[in-house]
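Listed here are the chains, written in short residue letters.
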Amino acid sequence: MTQTSENVTWLTQEAYNKLKDELEYLTGPARTEIAAKIAAAREEGDLRENGGYHAAKEEQGKQELRVRQLTQLLDNAKVGEAPAANGAVAPGMVVTIAFDGDEDDTLTFLLASREYASSDIETYSPQSPLGAGVIGRKVGDDAQYELPNGKKASVRILKAEPYNG
């Protein structure tokens, strides 16, 4: 999955290929499609009150933002292997924690870049307070992280397994 240090994002080969394919689509066929939408809407007349034109320009802006994000991510990417199933929390792992050591109050999440966010599992960035607090810990370890209100929260690592999604 990913591990971001200051300027480097670690990706599996599969993840790198997926993001590269998305970038190629956005800079090729998607740009052509949006340019055609804008041209068609422009021919409808007055641009000040042309909803189709404004919607197409907004879509173009969102696509170009995604192109810049992907370009920066891929420029700083290093391709590596998925994390080892050694019980240590690392990016690319599905982690189950218990809040305050209470095994009835748990959370399971994927520790990865938001690029991997999925509806199947909650995703926390390694740079998030929770992600930074658990990274490098092993199953059975206790960890602390800072809440938005400045207080500390304690969690116990119950499981850490490589993500297979």
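What you see is a predicted model; the values in this text were computed from it and never measured.

## Here's the deal with the overall build of the protein
Next up, step 1: A tally of regular secondary structure across the protein gives 4 helices and 7 strands.
Next up, step 2: When the helices and strands of the protein are listed from N to C terminus, the series reads β-α-α-α-β-β-β-β-α-β-β.
Next up, step 3: Looking at the protein residue by residue over its 165 residues, the buried ones come to 35%.
Next up, step 4: Across the protein, every contact between residues at least 6 apart in sequence was considered, and the portion connecting residues at least 24 apart equals 50%.

## Things to note about helix 2 (residues 29-42)
Next up, step 1: The end-to-end C-alpha separation of helix 2 is 20 Å, in line with the 20 Å expected for 14 residues at 1.5 Å each.
Next up, step 2: Every buried residue of helix 2 is accounted for by A30, I34, I38 and A41. Viewed along the axis of helix 2, the buried residues span an arc of 70 degrees, placing them on a single side of the element.
Next up, step 3: As for helix 2, its buried residues are in contact with helix 1 (13-27) and helix 3 (51-75).

## Regarding the confidence of the model for the protein
Next up, step 1: With 85% of its residues at a pLDDT of 70 or more, the protein shows a mean pLDDT of 83.
Next up, step 2: Per-residue pLDDT stays below 50 along residues 1-6; that stretch engages in 23 contacts with residues further than four places along the chain or on separate chains.

## Quick notes on the packing of aromatic side chains
How two aromatic rings sit relative to each other is set out by the distance from centre to centre and by the angle between their planes.
Next up, step 1: Tallied over the entire structure, the rule returns 1 aromatic pair.
Next up, step 2: Their ring planes at 70 degrees and their centres at 5.0 Å tell us that F109 and Y124 sit as a pair that is edge-to-face. Taken together, the residues F109 in strand 4 (residues 106-111) and Y124 in strand 5 (residues 123-124) connect sequence positions 15 residues apart.

## Structural notes on the nonpolar core
Next up, step 1: Grouped together as the largest cluster of nonpolar side chains are 15 residues, with contacts concentrated most on V89, V95, I97, F109, L130 and V134.
Next up, step 2: Broken down by secondary-structure element, the contributors of at least two residues to this core are strand 3 (93-99), strand 4, helix 4 (129-134), strand 6 (142-146) and strand 7 (152-162).
Next up, step 3: Sort the elements by how many residues they give to this core and strand 7 lands first, with 4 residues.
Next up, step 4: Excluding residues within four positions of it along the chain, V134 makes contact with V89, I97, F109, A143, V155 and I157.
Next up, step 5: In terms of nonpolar packing, the next biggest core, distinct from the first, is built from 11 residues, L11, L26, V67 and L70 among them.

## Some words on the sheet that holds strand 6
Next up, step 1: One open sheet holds the 5 strands; their spatial order is 5-4-3-7-6, and the pairing between them is mixed. The open sheet terminates on both sides in strands that have one partner only, identified here as strand 5 and strand 6.
Next up, step 2: The sheet contact formed by strand 3 and strand 4 spans 6 bridges and is antiparallel. Within the sheet, the bridge partner assigned to M93 lies in strand 4 and is L111.

## Thoughts on a negative patch on the surface
Next up, step 1: Taken together, the side chains of D100, D102, E103, D104 and D105 present a region of like negative charge at the surface.
Next up, step 2: With respect to the element layout, D102 can be found in the loop between strand 3 and strand 4.
Next up, step 3: Residue D102 is classed as partly exposed on the basis of its relative accessible area of 37%.

Rules and cut-offs
- Residues numbered from 1 in each chain as written.
- Predicted model: local features only at pLDDT ≥ 70, side-chain atom pairs only at ≥ 80, totals over all residues.
- Heavy atoms only, no water.
- Helix = DSSP H or I, 4+ residues; strand = E, 2+ residues; numbered from the N terminus.
- Buried < 20%, exposed > 50% of the residue type's maximum accessible area, 1.4 Å probe, protein only.
- Contact = heavy atoms within 4.5 Å.
- Expected span 1.5 Å × (residues − 1).
- Arc of directions from axis to C-beta.
- pLDDT = per-residue confidence, 0-100.
- Phe/Tyr/Trp six-rings, centres within 6.5 Å; stacked < 30°, edge-to-face > 60°.
- Core = buried A, V, L, I, M, F, W, Y, C linked by side-chain atoms within 4.5 Å.
- Pairing = 2+ DSSP bridges.
- Patch = residues over 30% accessible without salt bridge, like charges linked within 9 Å, V, L, I, M, F, W, Y side chains within 5 Å.
- Areas by Shrake-Rupley, 256 points an atom, 1.4 Å probe, with all protein chains shown as cover.
- Salt bridge = Lys/Arg side-chain N within 4 Å of Asp/Glu carboxyl O.
- Lys, Arg positive; Asp, Glu negative; His and termini not counted.
- Charge placed at Lys NZ, Arg CZ, Asp CG, Glu CD.

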